[in-house]
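Here are the chains, one letter per residue:
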Number of protein chains: 2
Amino acid sequence: MKITIKDIARKAQVSPITVSRALNDKEDINPDTKNRIVKIANDLGYFPNMLAQSLKSKKSKTLGVILRDISDPFYAEILQGISLTAAREGYQIILSISSRSGVNLDLEYNTLKLVLQKQVDGVLIIPEHEDPRYFAYLQKIHTPFVLLNRVPKEIQCDYVSTDQQEGSRLAMSHFIKKGKKHIAYLVRRPLSGVALTRMAACEKTLLEHGLSKDSIRVVECDDTIVAAYEQTKRTLKQNSKVDGVYAWDDVMAMGAVKAAIELGCGIPDDIGIIGYDDIELAKFFNPALTTVRQNIQLIGRTAAEILIEKINNDVLIADKTVILRPELIVRETA
Amino acid sequence: MKITIKDIARKAQVSPITVSRALNDKEDINPDTKNRIVKIANDLGYFPNMLAQSLKSKKSKTLGVILRDISDPFYAEILQGISLTAAREGYQIILSISSRSGVNLDLEYNTLKLVLQKQVDGVLIIPEHEDPRYFAYLQKIHTPFVLLNRVPKEIQCDYVSTDQQEGSRLAMSHFIKKGKKHIAYLVRRPLSGVALTRMAACEKTLLEHGLSKDSIRVVECDDTIVAAYEQTKRTLKQNSKVDGVYAWDDVMAMGAVKAAIELGCGIPDDIGIIGYDDIELAKFFNPALTTVRQNIQLIGRTAAEILIEKINNDVLIADKTVILRPELIVRETA
DNA sequence: GTGAAAGCGCTAACAT
DNA sequence: ATGTTAGCGCTTTCAC
């Protein structure tokens, strides 16, 4: 069955500790013994049991990642960024999906607990809600963590996000420049703090340009492409004045585009559509998406880097807050 | 610091094993003691150390997943399927990226080893090559595994895949029906066994319909949307006769569509394009992708289910081979 | 240069 | 109903 250092020790006629020394390139070992042992280990197909190593060393070389839905390109790209950084630094990843659809506090809470039980050295979290109990719990855990894509006011911690206000400002300014006056803000349900932040920034920008608060309306919608498509269709039908759709993310924007096309609306003239994220496909979509670009993989990479640095320095909170600057990418939909 | 059962034991004036019993709902424990212990455990914010539990029980309740690139929607959806099934069955996932681009045997090999060291109960692998050494190594490991998306002839094992020949047959038949006679097979580089299988099925179908082997040509390409776009542009420019592109996957098909549009080719009349996979976005792309549908999440779910069943039954090889049937989804590009 | 003892946190098996 | 012993696989400390 599974080979342990004991098996090797027996075969090599030495004690287990000698085997350990040989396999870990320690000093104080006779090169001959060492070679002999290494050879036997290879022959037997031995590899160390990291469970035992970690139990002893209290370092698992593992990062927990908690997010909502990997089939969403935005999360997938973040995860990709995290993965590559983690691998480079010698960490593995335990992936946990916090909810399959919508938001579920208990599930997210349990997910975190499970990950912690695995003795991960750190956790990367994309929170899906702002429940104070969750943040309170986070504050008590003894494992370093970094939040992604959320600026938590409730709690002092490290996080990586992008400037959501700037993003919305860019989008609205562009709409205004193009003469749009009746914007639908197609936003993920349930409304999050980030959603409200973006909304407030939109209103602020519109007001600054002399437009009324009524020039933008919130349209809530599940964050799937299908829901965005259907909701946009409904909205455009009910509201012939709407001339711009500001979507929560690119996937929802793509749904909106499809809806507009099917209703025979000209894009961007009848209806301008602006997405968010600039996922890889945005550029290749037809018409190519105008969108607020976040450097998605960079978010993941940066968060992983901060976390690993905290782990290495044995720090629980480093007060590192990175806010990346978004950028408007003007293409064909607005 | 981190709380252990010892800490609880001390506080409760009992022995550690009593704590263990209390926390694991065992018989043979005084309900009062139990409640007292559970309360203390909660107060202290205790959670078990799964490293220790696993070391003892030799079950880690963890699955390894090895794949290539999560930012690719196809892999992401597979991973999503795996994740949900694993979570439902009480397993967690260690995710390992086998290579960032292209194919790298050593990396894939090391990735596997690392995952095994973590004592996962099983491994799900989407292999990226057919190196016999890798398969030879797989045959020797004492951990159950399931291969996805590959029909390995080199080795007896469990796998979940789709009928690649049928998929290509469907695509070619459709092209023929539409009068296409000069197909470019836009395929991922480096060429894999699956790629050749699909190619052979294409040729066979064409011959059966009285067309010559020359009616299809292989166009190799990195499997990114950008590369597919560029390669398609090049191909269409050099070869005015090409009237159909059969793409390796939907992402590449989207790149091809963009190229065709930019060259002013009418889709599907001048150029028909057929993708593969039917990722969620395929339907919403403009023009909507005609594609060979695989039920992607089902591949992941099925593989995870087979693996977990093997783990539960303590079986290394169950000889379960599931070949899912693909389906042609005719939309607007062909 | 090598080994013996001890312990990481937890839990079966065997007492009491 | 509770405690003792022992051991999962590995490594640190100290002795030889």
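Details of the structure are given in the entry above.
We now turn to the structure provided with this report. None of the values given here were measured: they were computed from a predicted structure.

Residues and elements named next belong to chain A. With mixed pairing, six strands are arranged side by side in an open sheet as β7-β6-β8-β9-β10-β12. Each edge of the open sheet carries a strand with a single partner, namely β7 (216–221) and β12 (327–329). Ignoring which end each strand starts from, the neighbouring axes of this sheet average 20° apart. Two elements, strand β6 (residues 183–188) and strand β8 (residues 244–247), share four bridges in a ladder whose sense is parallel. In the strand pairing of β8, Leu186 is matched with Ala247. The sheet strands contacting helix α11 (residues 250–262) are β6, β7, β8, β9 (272–277) and β10 (290–293), and the helix crosses β9 at an angle near 160°.

We now examine the protein's contact with DNA strand D. Around DNA strand D, the structure places 25 residues, and the nearest of them are Tyr46 of chain A together with Thr18, Arg21, Lys56 and Lys58 of chain B. Here, DNA strand D places atoms within 4 Å of the protein, and 62% of those atoms are sugar or phosphate. Ala52 of chain A places a main-chain nitrogen or oxygen 3.4 Å from a base nitrogen of DNA strand D. Between DNA strand D and Lys58 of chain B there is a distance of 2.6 Å, counted from a phosphate oxygen to a side-chain nitrogen or oxygen. Elements with a contribution of two residues or more to the surface near DNA strand D: α1 (5–12), α2 (16–23) and α4 (50–57) of chain A together with α2 (16–23) and α4 (50–57) of chain B. Of the residues in the surface near DNA strand D, the class split is nine nonpolar, nine polar and seven charged.

All names here are of chain B. Packing of helix α10 (residues 225–238) against helix α11 (residues 250–262) brings their axes to within 7 Å, and their N-to-C directions diverge by 45°. Accordingly, the angle class assigned to the pair α10 and α11 is oblique. Viewed along their axes, α10 and α11 form a crossing whose handedness is right-handed. Where α10 abuts α11, its residues Ile225, Ala228, Tyr229, Thr232, Lys233 and Leu236 lie against Val251, Met252, Met254, Gly255, Ala256, Lys258, Ala259, Ala260 and Glu262. Class assignment for the residues of the contact of α10 with α11 results in ten nonpolar, two polar and three charged.

Here we take up the interface of chain A and chain B. Tallying the contact residues gives 55 residues for chain A and 55 residues for chain B. In this assembly, chain A packs against chain B so that about 5,200 Å² is buried in total across both faces, 63% of it on carbon and sulfur atoms. Here chain A is connected to chain B by zero salt bridges. Taken together, chain A and chain B are joined by 23 residue pairs in polar contact (both at pLDDT 80 or more). Those elements that provide at least two residues to the side of chain A that touches chain B are α4, α5 (73–88), β2 (92–97), α6 (105–117), α10 (225–238) and α11 of chain A. Split by residue class, the side of chain A that touches chain B holds 29 nonpolar, 16 polar and ten charged. For β2 of chain A and strand β2 (residues 92–97) of chain B, the ladder comprises three bridges, and the chain directions are antiparallel. Its bridge partner being in β2 of chain B, Ile94 of chain A is matched across the sheet by Ile94 of chain B.

Attention now moves to the packing of aromatic side chains. All names here are of chain A. Applying the stated criterion across every chain yields a total of 13 aromatic pairs over all chains. Ring geometry for Tyr246 versus Tyr276: centroids 6.4 Å apart, planes at 55°, classification tilted. With Tyr246 in strand β8 and Tyr276 in strand β9, this pair connects stretches of sequence that are 30 residues apart. Each member of the pair Tyr246 and Tyr276 is classed as buried.

For the pair chain A and chain B, the best superposition has an RMSD of 0.1 Å and corresponds to a rotation of 180° with a translation of 0.0 Å parallel to the axis. What the superposition gives is, in effect, a two-fold axis relating one chain to the other. Relative to the rotation axis, the closest C-alpha in chain A is found at Ile94 of chain A, a distance of 2.2 Å. The share of interface residues of chain A whose copies in chain B are also at the interface is 100%, consistent with both copies meeting through the same surface.

Turning our attention to the state of the cysteines. As used in these notes, a disulfide is a covalent bond between sulfur atoms, one from each of two cysteines. All names here are of chain B. By the definition in use, this model includes zero disulfides over all chains. No disulfide involves Cys265; its sulfur sits 17 Å from that of Cys221, the nearest cysteine. Residue Cys265 is classed as partly exposed on the basis of its relative accessible area, which comes to 22%.

Tyr246 of chain A together with Tyr246 of chain B are the most contacted members of the largest nonpolar core, which totals 156 residues. Listed in part, the 40 residues of the second largest apolar core include Leu105 and Tyr134 of chain A together with Tyr137 and Leu147 of chain B.

This part takes up the sheet that holds β2 of chain A. What the twelve strands build is an open sheet, ordered β11(A)-β5(A)-β4(A)-β3(A)-β1(A)-β2(A)-β2(B)-β1(B)-β3(B)-β4(B)-β5(B)-β11(B); its pairing is mixed. Every interior strand has two partners, whereas the edge strands, β11 (321–324) of chain A together with β11 (321–324) of chain B, have only one. Taken over all neighbouring pairs, the strand axes of this sheet differ in orientation by 20° on average, direction set aside. Note that strand β4 (residues 145–148) of chain A and strand β5 (residues 158–162) of chain A share three bridges and pair parallel. Paired with Leu148 of chain A across the strands is Val160 of chain A, a residue of β5 of chain A. Across the sheet, helix α5 (residues 73–88) of chain B is in contact with β2 of chain A together with β1 (62–67), β2, β3 (122–125) and β4 (145–148) of chain B; its angle to β1 of chain B comes to roughly 175°.

Cut-offs used in this document
Residues numbered from 1 in each chain as written. Chains lettered and ligands numbered in written order. Predicted model: local features only at pLDDT ≥ 70, side-chain atom pairs only at ≥ 80, totals over all residues. Heavy atoms only, no water. Pairing = 2+ DSSP bridges. Helix = DSSP H or I, 4+ residues; strand = E, 2+ residues; numbered from the N terminus. Axes fitted to C-alpha atoms, helices over the stretch in contact; angles between N-to-C directions. Contact = heavy atoms within 4.5 Å. Near = heavy atom within 4 Å. Polar contact = N/O pair within 3.5 Å; in protein donor to acceptor, adjacent residues only side chain to side chain. Nonpolar A, V, L, I, M, F, W, Y, C, P; charged D, E, K, R; others polar. Parallel < 35°, antiparallel > 145°, perpendicular 65-115°, else oblique. Left-handed = near helix turned anticlockwise from the far one by under 90°. Buried area = accessible area lost by both parts, 1.4 Å probe. Salt bridge = Lys/Arg side-chain N within 4 Å of Asp/Glu carboxyl O. Phe/Tyr/Trp six-rings, centres within 6.5 Å; stacked < 30°, edge-to-face > 60°. Buried < 20%, exposed > 50% of the residue type's maximum accessible area, 1.4 Å probe, protein only. Least-squares fit on C-alpha atoms with pLDDT ≥ 70 in both. Disulfide = S-S within 2.5 Å. Core = buried A, V, L, I, M, F, W, Y, C linked by side-chain atoms within 4.5 Å.

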